[in-house]
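Listed below are the residues making up each chain.
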Amino acid sequence: MPDSDSTPKYRYNARLAAQIEAKWQDRWESRRTFETPNPAGPLAEPAKIAGRKKLFILDMFPYPSGAGLHVGHPLGYIGTDVFGRFKRMTGFNVLHALGYDSFGLPAEQHAITTGVHPRENTEANITNMRRQLRRLGLAHDARRSVSTTDEAFYRWTQWIFLQVFNSWFDDERGAARPISELIAEFESGRRPTNGTTWKKMSPRERKQLVNDHRLAYLADAPVNWCPGLGTILANEEVTAEGRSDIGNYPVFKRNMRQWTMRITAYADRLLDDLDRLDWPESIKLMQRNWIGRSEGARVRFASPQGDIEVFTTRPDTLFGATFMVLSPEHPLVDALTMSAQQRAVSAYRAQAASTTDADRQSDTREKTGVFTGAHAVNPVTGKQVPVWIADYVLMGYGTGAIMAVPSGDERDFAFARKYDLPIVATQMPPDAWFASHGIAPSADCTTWPAAFVGEGVYINSRNDTSAASGGRGSNALVLDGITEMAVAKQRTNAWLEAHGAGSAAITYKLRDWLFSRQRYWGEPFPIVYDEDDMPVAVPDTLLPVTLPELSDFKPQALDPNDEVTDPIPPLARRADWVHTEMEVNDPLTGAKRARAKVRREINVMPQWAGSCWYELRYLDPTNTKTFSNADVERYWMGPQHDGHTGGVDLYVGGVEHAVLHLLYSRFWHKVLYDLGHVSSEEPFHRLFNQGYIQAYAYRDARGQTVPAADVQDRDGKHFYKGEAVSREYGKMGKSLKNIVTPDEMYDEFGADTFRLYEMSMGPLDQSRPWNTRDVIGMQRFLQRVWRNLVDEDSGELTVSETECPEPLLRALHVAIDGVQRDMEGMRFNTAIAKLIELNNALTKHVESSGATPRVVAVALTQMLSPLCPHLASELWERLGCEGEITYAQFPVADPKLLVTDTIEIPVQVNGKVRSRITVPREANQDALRAAALADAAVAKALDGKSPRNVVVVPGRLVNVVV
RNA sequence: GCCCGAGUGGCGAAAUGGCAGACGCGACGGACUCAAAAUCCGUUGCCUGGUAAGGGCGUGUGGGUUCGACUCCCACCUCGGGCACCA
């Protein structure tokens, strides 16, 4: 909106907004308005927190991208800022800060192509992002803005890694304990040491035994090798298509020795504690699915080459297990394969090995497999069953072998039909099942078109006549006649246990977490290898282990399809850094050792490491003695009552972190809790998923995207330079040419208008399309507010000290009441609508009387303050109010002004509104009925018919039923 | 395939068992202006009726519960997200 000569000097437009906003941003900074007092530690100001409740609100840790922000990024930040500012005005001590998750691939990729050090690039990006965010007027405590790449920060990331490294999971207690306690148990013989006694073991053997129990351990494991990125990836970072989450490069399975975190030890707690969290159900569900707990049984099938153990969730169908299927990679396959089958088995295994996981798991593929020639014994029937291998059985889940029950499992059914294997029913499906398949009820599976999965009466499920029972009838397993699956499972499990053939068991889909990355721009591990090639912690006094300087950041083997070459991490190039001397503490005794040659770990940590605990560092960012003072942590994150998990009061971010970040941080937090370093059991007590701002994009006839900003709409069609273009809808991005930046919004409207527009678009948790054209509405609103309080020509206040007329005063208090409740519930869109309504009422008053009553001006300014803090601060100052509006009390509605003597209620006839009647507020049923029936419009609608029933809801409505 | 979420004016949306469409955009009409922009005022779900009074229809589709359903239940359709041979 360019100014012209006729534009009043004090009109609230982008130019004036920019002045006001810069003024207040500078003032907040110099007055240190948003610095939040701590109860203890370096930032302690105990006097300031006395008698105030606390609130810790948190935005998901941003990566400082080189592209800068677009208008979609700040949505959550504005939301938390509005909420935090509102809570400050209701007396809370609010902790709100924003730091930077600044390690990671993009800066390193940039370094590879440009030769600019990742640190330089990262810092430039952070500076730009700080500038863009400062312009938004966020009430963040700047002292707490940490970056994961700061040595003062990653010193503690390394320290936490060592806490994990130096602990083990005690299954009996279900919690982590210091590794020294495990060593003590081994030494004393209280805990068995795999055959040889502790005393007889060599130091190397002892270290290995201990290492195998650590929560952070080295493992030769099948990993996701991504040559395109030159690194391995965690399972969670690989897409369903078998490609990298970042960069979309091919990913290959291969074995490598890697740092691994024993997150599976926490599977049950990670699952169970979800019930105590205030999170969206959908996110809880995604975590539950990811953890993938299934209850069932492990069952051993005897074979000449030893027992084959399977996991099944349906032990109750064991009588129907007519064959077994092993994964092609199963270690027993070689031994089991009969010579006649050798050739077929090898061919199948080779073929399976050359197929990617993604292809193997495509469900459109027909089932394939080969017979090994071997047989095993079904423990309940005593019968020999053939052993097959097939790639639909995965080595990575359960035991890598299954008992196939074709009558009760679709996959086994398909396999049995294809290879003509026997199918025996163990449950009689209900008649409805047969009816839905269009066949007559029969226990003969040859007539079945599919497996039956569900509750049905058990049949063919008794072994009191078979060899397996050894003739001991009373020891037999009899399921026939049972109708409930749970009962049948329980009986089978008991029988298996009594006969040493198996036991109830639980498995998880969750795998341990691969923690090594063959990169440069990450936290170095605080680990060296000793003379036994065993990992040893770098002593605390030598932390942080800083990243050595490099001139070339490129990892080796960058051909995306090169799955053979081993990764060589960039740090390996600094031989002088890798091979060093150090005084370490003995990993078994803890005693200080003499200076000796060691070799450094050359992998770095994944980007998740810093984001696993950053919220704890916000609490006490400058503490050099500990990662966070214990009293400070208890104050901000401690449990609120018995059974409360503790944690951040409100965590806002996108749903894309539902599994990765949120699961990893919960795991680290629980380890810290077990070791007594934090008082909270969970990092994030309440989670809120904000929606996304998306945008329209346009393509011309050739399919090329055209700049969305230059597209014109006419009659529901879209034109670019006169040519018709087609519209699509998607994420903001360079490729769609539909980016709108906050900077453009600041220039055109100002930060307050931008904030208001983002909050008014809809509920915070819903995604919506950006539409620059709509922003003007919020600017007009602020312009009207300004004009109601300030003369546009003279800049003088137009506020009167005269009494406010009652209708306007009532409108004010109705607005206060509604806005207060909407703010509390984070329904900022409806809060804004109520403020607009109030201002529209005020405008009518000003049109007739020429001035705004002071009481309305003050309260309106206060209510606007969380949403438009710059404008509100300016008006607050002009109104001559004391102190900073940031800490002024939010207005409180007078209940007396919310109720009226008479109310208008609708009268329905047969559910359709036909009239409205005005009645005293406390009118009772009889009075309402009489008033409604006496109404002329109602009489007309009744058309002479007499009411059959009259429903009266006092205070709400009357419904006359004819 | 399985699981979860969402479908309301031209558009963003509001109403969570009780007056459907608050509020904003856009559109249309008007004021100001030489004119335009900006700003201000008014109208605006659809159909019908005379540009009136009035009437009818209407929250993805079909059914159900209820005096009353955008809201609760069942089935289906469409879109979005997650998982995917998990034994």
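Residues numbered from 1 in each chain as written. Chains lettered and ligands numbered in written order. Predicted model: local features only at pLDDT ≥ 70, side-chain atom pairs only at ≥ 80, totals over all residues. Heavy atoms only, no water.

### Focus: the overall build of chain A
Per the secondary structure count, chain A includes 30 helices and 35 strands. Principal-axis analysis of the C-alpha atoms gives chain A an extent of 100 × 90 × 65 Å. Buried residues in chain A amount to 54% of all 962 residues. The contacts in chain A between residues at least 6 apart in sequence include a share of 71% that link residues at least 24 apart. Summed over all atoms, the accessible surface of chain A reaches about 41,800 Å², with 50% contributed by carbon and sulfur. Looking at charge distribution, chain A has the averaged site of its 109 positive side-chain charges lying 1 Å from that of its 122 negative ones. (Helix = DSSP H or I, 4+ residues; strand = E, 2+ residues; numbered from the N terminus. Buried < 20%, exposed > 50% of the residue type's maximum accessible area, 1.4 Å probe, protein only. Contact = heavy atoms within 4.5 Å. Areas by Shrake-Rupley, 256 points an atom, 1.4 Å probe, with all protein chains shown as cover. Lys, Arg positive; Asp, Glu negative; His and termini not counted. Charge placed at Lys NZ, Arg CZ, Asp CG, Glu CD.)

### Things to note about the side chain of Thr381
Relative to the helices and strands, Thr381 is located in the loop between strand E11 (370-377) and strand E12 (384-389). Exposure remark for Thr381: the relative accessible area of 16% places this residue in the buried category. A distance of 3.1 Å separates a polar side-chain atom of Thr381 from the backbone nitrogen of Lys383. (Polar contact = N/O pair within 3.5 Å; in protein donor to acceptor, adjacent residues only side chain to side chain.)

### Here's the deal with helix H16 (residues 485-498)
Spanning 14 residues, H16 covers 20 Å between terminal C-alpha atoms, matching the ideal 20 Å at 1.5 Å per step. Taken as a whole, H16 has its buried residues at Met485, Ala488, Thr492, Asn493, Trp495 and Leu496. Projected down its long axis, H16 carries its buried residues within an arc of 165°, all on one side. For H16, exposure combined with an orientation more than 90 degrees from the buried face picks out Ala486, Gln490, Glu497 and Ala498. Buried residues in H16 make contact with strand E8 (294-301), strand E15 (457-458) and strand E16 (502-507). Just downstream of H16, Gly500 is the residue with a positive phi angle, here 65°. (Expected span 1.5 Å × (residues − 1). Arc of directions from axis to C-beta.)

### Considerations on the sheet that holds strand E7 (residues 252-261)
With respect to topology, four strands assemble into an open sheet ordered E6-E5-E7-E17, the strand pairing being antiparallel. Strands at the two margins of the open sheet, each flanked by one partner only, are strand E6 (231-233) and strand E17 (513-514). Sheet analysis places strand E5 (residues 216-226) next to E7, joined by ten bridges and oriented antiparallel. Looking across to E7, one finds that Leu218 is bridged to Trp259. In the packing of helix H6 (residues 151-165) onto the sheet, the strands contacted are E5 and E7, and the crossing angle to E7 comes to about 95°. (Pairing = 2+ DSSP bridges. Axes fitted to C-alpha atoms, helices over the stretch in contact; angles between N-to-C directions.)

### Re the nonpolar core
If you look at the biggest cluster of nonpolar residues, it comprises 94 residues, and the most contacted ones within it are Phe161, Trp259, Trp513, Phe515 and Trp668. The dominant element in this core, judged by the number of residues it contributes, is H6, at nine residues. The contacts of Trp513, once residues within four sequence positions are left out, are Ala234, Trp259, Thr260, Met261, Ile263, Pro606, Trp608, Cys612, Tyr664, Phe667 and Trp668. Judged by nonpolar contacts, the second largest core, of 89 residues, contains Ile20, Met89, Trp786 and Ala872. (Core = buried A, V, L, I, M, F, W, Y, C linked by side-chain atoms within 4.5 Å.)

### Looking at the pattern of salt bridges
Considering all chains together, one arrives at 68 salt bridges under this definition. Arg300 is the salt-bridge partner of Asp307, the closest N and O atoms lying 4.0 Å from each other. Of the residues examined, Asp307 reaches a relative accessible area of 45% and is grouped as partly exposed. Given the relative accessible area of 29%, Arg300 is considered partly exposed. One salt bridge in this structure joins Glu309 and Arg300, with 3.4 Å as the shortest N-O distance. Accessibility expressed as a relative area gives 28% for Glu309, which makes it partly exposed. Among the charged side chains, a salt-bridge network with shared partners connects Asp170, Arg173, Arg177, Glu181, Glu185, Arg190 and Arg191. (Salt bridge = Lys/Arg side-chain N within 4 Å of Asp/Glu carboxyl O.)

### Some points on the sheet that holds strand E19 (residues 535-537)
With antiparallel pairing, four strands are arranged side by side in an open sheet as E19-E18-E21-E20. Strands at the two margins of the open sheet, each flanked by one partner only, are E19 and strand E20 (579-582). In this sheet, neighbouring strand axes are inclined to one another by 50° on average, regardless of whether the strands run parallel or antiparallel. Relative to strand E21 (residues 596-600), E20 is paired through four bridges, and the arrangement is antiparallel. By the bridge assignment for E21, His579 is matched with Arg599.

### Digging into the packing of helix H1 (residues 14-31) against helix H28 (residues 869-878)
Between H1 and H28, the shortest axis-to-axis distance is 9 Å and the interhelical angle comes to 85°. One element, H1, and the other, H28, form an angle in the roughly perpendicular class. Where H1 approaches H28, its residues Ile20, Glu21, Lys23, Trp24, Gln25, Arg27 and Trp28 are matched on the opposing element by Pro869, His870, Leu871, Ser873, Glu874 and Glu877. When the residues that make up the contact of H1 with H28 are grouped by side-chain class, the tally is five nonpolar, three polar and five charged. (Parallel < 35°, antiparallel > 145°, perpendicular 65-115°, else oblique. Nonpolar A, V, L, I, M, F, W, Y, C, P; charged D, E, K, R; others polar.)

### Observations regarding the confidence of the model for chain A
Overall, the predicted model of chain A reaches an average pLDDT of 90, with 96% of residues at or above 70. Scoring of the predicted complex yields 0.93 for pTM and 0.96 for ipTM. (pLDDT = per-residue confidence, 0-100.)

### Let's talk about the environment of His499
Along the chain, the position of His499 falls in the loop between H16 and E16. Considering only alpha carbons, one finds His499 and Leu270, 229 residues apart in sequence, at a separation of 34 Å. Separated by 2.9 Å, the side chain of His499 and the backbone oxygen of Trp495 make a polar contact.

### Some thoughts on the pairing of strand E3 (residues 167-170)
Here E3 shows no split at all, with Ser167 and Phe169 on one side and Trp168 and Asp170 on the other all buried. Summarising the sheet, E3 and strand E4 (residues 175-178) pair through four bridges and their orientation is antiparallel. When the sheet's bridge partners are listed, Trp168 is paired in E4 with Arg177. Here E3 folds back onto E4 in antiparallel fashion, the turn holding four residues, of which Gly174 has a positive phi close to 65°.

### So, the side chain of Ser167
Relative to the helices and strands, Ser167 resides in strand E3. A distance of 2.9 Å separates the side chain of Ser167 from the backbone oxygen of Gln163, its partner in a polar contact. Excluding residues within four positions of it along the chain, Ser167 makes contact with Arg177, Pro178, Ile179, His213, Arg214, Leu215, Val671 and Leu675.

### Structural notes on unusual backbone geometry
Cis geometry is found at the peptide bond from Leu543 to Pro544, where omega equals 0°. Relative to the helices and strands, Pro544 resides in the loop between E19 and helix H17 (575-578).

### Some remarks on the packing of aromatic side chains
Taken as a whole, this structure holds 45 aromatic pairs when the rule is applied. Measuring from ring centre to ring centre gives 6.4 Å for Trp613 and Phe627, while their planes differ by 75°; the resulting arrangement is edge-to-face. Pair noted here: Trp613 is in the loop between helix H18 (608-611) and helix H19 (614-619) and Phe627 is in the loop between H19 and helix H20 (630-637), with a separation of 14 residues, a long-range link. No difference in accessibility class separates Trp613 from Phe627, as the two residues are buried. Aromatic ring contacts, followed pair by pair, group Phe161, Phe165, Phe169, Trp259, Tyr266, Trp513, Phe515, Phe525, Trp608, Tyr664, Phe667 and Trp668 into a single cluster. Above the plane of the ring of Tyr392 lies Lys367, whose end atom (NZ or CZ) is 5.4 Å from the centre. (Phe/Tyr/Trp six-rings, centres within 6.5 Å; stacked < 30°, edge-to-face > 60°. Lys NZ or Arg CZ within 6 Å of the ring centre and 35° of its normal.)

### A closer look at the packing of helix H23 (residues 751-760) against helix H24 (residues 776-789)
The N-to-C vectors of H23 and H24 enclose an angle of 120°; their axes lie 8 Å apart at closest approach. Between H23 and H24, the angle is such that the two are oblique. For H23 against H24, the interelement crossing comes out right-handed. Facing H23, whose interface residues are Asp752, Thr753, Leu756, Tyr757 and Ser760, H24 presents Met778, Gln779, Phe781 and Leu782. In terms of residue class, the contact of H23 with H24 is made up of five nonpolar, three polar and one charged. (Left-handed = near helix turned anticlockwise from the far one by under 90°.)

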